Amino acid sequence: MSDFENAGKISRRGFVASAVIAAAPLVLPLRRVAAFAAADVLIAQFNDAGEKTGVSRVPKVVKPEAEWRKQLSPLAFAVTRKADTERAFSGAFWNLHEHGMFRCICCDTALFSTKVKFDSGTGWPSFWQPIAPENVGGRNGTIAGPTNTEVTCQRCDAHLGDLFDDGPKPTGLRYCIDSVSLRFVKI
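In short, a report on the structure. Everything quoted here is computed from the prediction, not taken from an experiment. (Residues numbered from 1 in each chain as written. Predicted model: local features only at pLDDT ≥ 70, side-chain atom pairs only at ≥ 80, totals over all residues. Heavy atoms only, no water.)

### So, the sheet that holds strand β10 (residues 174-177)
Phase 1 of the analysis: Read from one edge of the open sheet, six strands run β5-β6-β10-β9-β8-β7, paired in antiparallel fashion. Each edge of the open sheet carries a strand with a single partner, namely β5 (117-118) and β7 (136-137).
Phase 2 of the analysis: Note that β7 and strand β8 (residues 150-153) share two bridges and pair antiparallel. Each residue of the ladder has a partner; that of Val136, found in β8, is Cys153. (Pairing = 2+ DSSP bridges. Helix = DSSP H or I, 4+ residues; strand = E, 2+ residues; numbered from the N terminus.)

Structure follows, in structure tokens:
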């Protein structure tokens, strides 16, 4: 065969490669949609008056480390993104006695109310339950409990603190939370 005759023929490997390249713009958006749909979480919504306004399916907040570093103070980054802990009695909210609620410093999800805050004597803000069970969990989206003591924000996986079983009634739980992981909203 002459070079002219071979120029119009395509190898099987070339055909498959060009088909994959041609289909990529159609397939990749579908994969992205599936990935985002799987990352949705149910979150109880609260207005700044502390009133529950419903439960919504919202996208999980996922950002590169550089964006979190830009958004957060160095200590807030170390605590929320690297599971560090602030020093006892050093945070802004361990001795706070105003009425309000606390939101996640990373994604603004409502987490705790001062109605369930108590003085644990530990030097960290302590609560006997979250504002809504949907909003607070443990690592990898599991519910925090006796076998999973790390407390995280369900929406952005921020490390908030730890859970202990030495709290007051009615739950007997103590959500021991780093102040730097929270934003206070006075009610």
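### Points about the nonpolar core
Phase 1 of the analysis: One finds Phe112 and Cys156 to be the most contacted residues of the largest nonpolar core, which totals 30 residues.
Phase 2 of the analysis: Elements that contribute at least two residues to this core include exactly α4 (74-82), β3 (100-104), β4 (110-113), β8, β9 (159-164), β10 and β11 (182-186).
Phase 3 of the analysis: The greatest single-element share of this core, amounting to three residues, is contributed by α4.
Phase 4 of the analysis: The next biggest cluster of nonpolar side chains, apart from the first, holds six residues, and it includes Ala44, Ala110, Ala132 and Val185. (Core = buried A, V, L, I, M, F, W, Y, C linked by side-chain atoms within 4.5 Å. Buried < 20%, exposed > 50% of the residue type's maximum accessible area, 1.4 Å probe, protein only.)

### Let's talk about the packing of aromatic side chains
Each aromatic ring pair is specified by the distance between its two centres and by the angle formed by the two planes.
Phase 1 of the analysis: Scanning the entire structure with this criterion turns up seven aromatic pairs.
Phase 2 of the analysis: Arranged with centres 5.2 Å apart and planes meeting at 65°, the rings of Phe93 and Phe102 form a pair that is edge-to-face. Judged on exposure class, the residue Phe93 and its partner Phe102 are both buried.
Phase 3 of the analysis: Here Phe93 and Phe184 contribute two aromatic rings whose centre-to-centre distance is 6.1 Å and whose plane-to-plane angle is 45°, an arrangement assigned as tilted. Taken together, the residues Phe93 in the loop between α4 and β3 and Phe184 in strand β11 connect sequence positions 91 residues apart.
Phase 4 of the analysis: Classification of Phe93 as buried rests on a relative accessible area of 14%.
Phase 5 of the analysis: Between the NZ or CZ atom of Lys63 and the centre of the ring of Trp68, over which it lies, the distance is 4.8 Å.
Phase 6 of the analysis: Cation over ring: Arg81 sits above Trp68, and NZ or CZ is 4.0 Å from the ring centre. (Phe/Tyr/Trp six-rings, centres within 6.5 Å; stacked < 30°, edge-to-face > 60°. Lys NZ or Arg CZ within 6 Å of the ring centre and 35° of its normal.)

Keep in mind these values describe shape, not function.
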